[in-house]
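Chain by chain, the residues run as shown.
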Amino acid sequence: KEGNTLAMAEVLSLRDTHPRDIWFSPFVDWSEGPVTDSAINPLPVGAHEVGHALGFGHNNKLGLMSPTINRLITTPTAAEMEVFWDEYPEWRPEP
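Residues numbered from 1 in each chain as written. Predicted model: local features only at pLDDT ≥ 70, side-chain atom pairs only at ≥ 80, totals over all residues. Heavy atoms only, no water.

## Side note on the layout of surface pockets
Then step 1. One number sums up the size of the largest pocket: a volume of about 340 Å³.
Then step 2. Along the wall of the largest pocket there are 19 residues; nearest its centre are Phe56, Met65, Pro76, Glu80 and Met81.
Then step 3. At five residues, the largest contribution of residues to the lining of the largest pocket is made by helix H2 (residues 78-87).
Then step 4. Here the residues of the lining of the largest pocket sort into 12 nonpolar, five polar and two charged.
Then step 5. Taken together, Asn4, Thr5, Leu6, Ala7, Val45, His48, Glu49, His52, His58, Pro67, Thr68 and Ile69 make up the lining of the second largest pocket.
Then step 6. Ranked by residues supplied to the lining of the second largest pocket, first place goes to helix H1 (residues 42-53) with four residues. (1 Å grid on protein atoms, 1.4 Å probe; cavity = no way out; pocket = protein on both sides within 12 Å on 5 of 7 lines; lining within 4 Å. Points joined across faces, edges and corners; volume = space filled by probe spheres on them. Helix = DSSP H or I, 4+ residues; strand = E, 2+ residues; numbered from the N terminus. Nonpolar A, V, L, I, M, F, W, Y, C, P; charged D, E, K, R; others polar.)

## Here's the deal with the packing of aromatic side chains
Then step 1. What the rule picks out here adds up to three aromatic pairs.
Then step 2. On the numbers, 5.3 Å between centres and 85° between planes, the contact of Phe24 with Trp30 is edge-to-face.
Then step 3. The interplanar angle of 45° and the centroid separation of 5.2 Å between the aromatic rings of Phe84 and Tyr88 together place this pair among those described as tilted. Of the two residues examined, Phe84 and Tyr88, each falls in the buried class.
Then step 4. Following the ring pairs from residue to residue traces out a cluster consisting of Phe56, Phe84 and Tyr88. (Phe/Tyr/Trp six-rings, centres within 6.5 Å; stacked < 30°, edge-to-face > 60°. Buried < 20%, exposed > 50% of the residue type's maximum accessible area, 1.4 Å probe, protein only.)

Listed below in structure tokens is the structure:
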């Protein structure tokens, strides 16, 4: 799909055993090198799409699930992890 869509993910649950796909647009200049105006690092985009694949939507705060990709954020915020652990308490680390 040409346009502003960088990537898309199929939604799944960690309790679901069926594989899901994450799709990266072929119309984007993907680069693991330095961030430029034209090149986008796939790591933050992929991490964001994994969040969607786990069933999480966008939030309006700066973080991994923000609707606008921040090229420097590659891990969820503490608040985003709390939402994840509320959904999947069995994955919460022992204190």
